[in-house]
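Inside the fold
What follows is each chain in one-letter form.
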Amino acid sequence: MTPLLEVSGLRTHFTSFGGTRIVKAVDGISFTLNEGETLGLIGESGCGKTTTCLSIVGLLPTAARIAGGRITFGGQELTEKTSREMRRIRGRSIAMILQDPMASLNPLFSIYRQVAEPAYYHQAMRGRTLRRRVQDLLAAVRIPSPAQRMRDYPHQMSGGMRQRIVGAIALAGGPKLIIADEPTTNLDVTIQAQYLDLLKDIQRDTGVAIIFVTHNLGIVARMCDRMAVMYAGKIVEHGSVRNLFNGARHPYTRALLGSITRLGSKEPLYAIPGQPPNLARLPSGCAFHPRCPDAVPRCSTEEPPEEGFDDGWTVSCWRAAAEPARKEYDRTSA
């Protein structure tokens, strides 16, 4: 099967004012995504998750540039596209849902106008056909009384409804890929569960592929087929959700899993010691070694290569093959 999306050796760098310093926000990552599949992209803040997504959709800030690698979507090489060509792809083939709906919605325009815009420009819909399309989209994301609510403005909607409106806008152009960048962060637990169910229903009905960026491993377990764990701009472990949850091999993945609250447990939550590294001054060797309780001298001098295991499972750790995968991070080891 030919992947819908293939990212190979992607490197995205930020240049400081005056060009005196380069920050390697994304440093040589690779992954694939098939039609109808969901990939979870996880890791601490600042590890490169959002920059990866912005690289795919061609919305990097002016200080950033793709320094190397390839992004192939539906047989097209996105890194070779002009800004005008990417505008035709965004909304029609690739859509993005941001964590703050008010950053996506214009308070001056009605819900109808904002949901209609992608269908108007990408699917050439007009008049009654366009109005019916907007009404159907609002119904699909479970907005009550869509014919009436599409006349409203964002400030008249609750937070959960605004996030559903953003989902309707993402669907309006009929995309093959949706990138959801922490879309449930600002929602309470009940609305969050409803929104996740909604995304799964939409995926089942349309076959759209999803990249789900989140800190919440519970969401990954519920939503994703595979997960890629990022640290300091690199993917340190990548594989099926089942494999990584049942026997993660990288110490960082195990540490993240060890920090999950468990119902009925009286143990204190594990906290990873130290802080994520400064991407402008990365340590030598493995970037995680200053915080890793399993580190050996080699970890501080040599960067580990990516090693493959069964079922497409890859790990970048010198000790990944030397010891069996452990089901839970040892909370006392640090």
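The following paragraphs examine the structure supplied in this document. Note that the structure is predicted; figures quoted are calculated from it, not measured.

1. What about the overall build of the protein chain?
Within the protein chain one finds 11 helices and 12 strands. Expressed along its principal axes, the backbone C-alpha trace of the protein chain runs to roughly 70 × 50 × 40 Å. Across the 334 residues of the protein chain, 48% fall into the buried class. Split by element, the accessible area of the protein chain, about 16,200 Å² in all, is 50% carbon and sulfur. Where the 41 positive side-chain charges of the protein chain centre and where its 31 negative ones centre are 7 Å apart.

2. Remarks on the layout of surface pockets
There is about 740 Å³ of room inside the largest pocket. Every residue lining the largest pocket is counted, 24 residues in all, and those nearest its centre are R90, G91, M96, P118 and I169. Listed by contribution, the elements that provide at least two residues to the lining of the largest pocket are α2 (83-89), β6 (94-97), α3 (101-104), α4 (111-122) and α7 (159-172). When residues of the lining of the largest pocket are assigned to their parent elements, the largest contribution, 5 residues, is made by α4.

3. A short note on empty space enclosed by the protein
Considering all chains together, one arrives at 3 cavities of 30 Å³ or more under this definition. As a volume, the largest cavity reaches approximately 80 Å³. Along the walls of the largest cavity sit 13 residues, with P251, C286, C292, C299 and C317 positioned nearest its centre. The residue makeup of the lining of the largest cavity, split by class, is 9 nonpolar, 2 polar and 2 charged.

4. Observations regarding the sheet that holds strand β11 (residues 307-308)
Pairing within the open sheet is mixed, and its 8 strands lie in the order β6-β7-β8-β3-β9-β10-β12-β11. In this open sheet, the two strands that pair with only one neighbour each are β6 and β11. With 4 bridges joining them, β6 and strand β7 (residues 177-181) adopt parallel strand pairing. The residue bridging I97 from the neighbouring strand is A180, located in β7. In the packing of helix α1 (residues 49-57) onto the sheet, contacts are made with β3 (38-42), β6, β7, β8 (209-213) and β9 (226-231), and the angle to β6 comes to roughly 150°. Along the sheet, helix α11 (residues 251-258) makes contact with β3, β9 and β10 (234-240), crossing β9 at roughly 105°.

Cut-offs applied
- Residues numbered from 1 in each chain as written.
- Predicted model: local features only at pLDDT ≥ 70, side-chain atom pairs only at ≥ 80, totals over all residues.
- Heavy atoms only, no water.
- Helix = DSSP H or I, 4+ residues; strand = E, 2+ residues; numbered from the N terminus.
- Buried < 20%, exposed > 50% of the residue type's maximum accessible area, 1.4 Å probe, protein only.
- Areas by Shrake-Rupley, 256 points an atom, 1.4 Å probe, with all protein chains shown as cover.
- Lys, Arg positive; Asp, Glu negative; His and termini not counted.
- Charge placed at Lys NZ, Arg CZ, Asp CG, Glu CD.
- 1 Å grid on protein atoms, 1.4 Å probe; cavity = no way out; pocket = protein on both sides within 12 Å on 5 of 7 lines; lining within 4 Å.
- Points joined across faces, edges and corners; volume = space filled by probe spheres on them.
- Nonpolar A, V, L, I, M, F, W, Y, C, P; charged D, E, K, R; others polar.
- Pairing = 2+ DSSP bridges.
- Contact = heavy atoms within 4.5 Å.
- Axes fitted to C-alpha atoms, helices over the stretch in contact; angles between N-to-C directions.

Function cannot be inferred from these measures alone, as they are strictly geometric.
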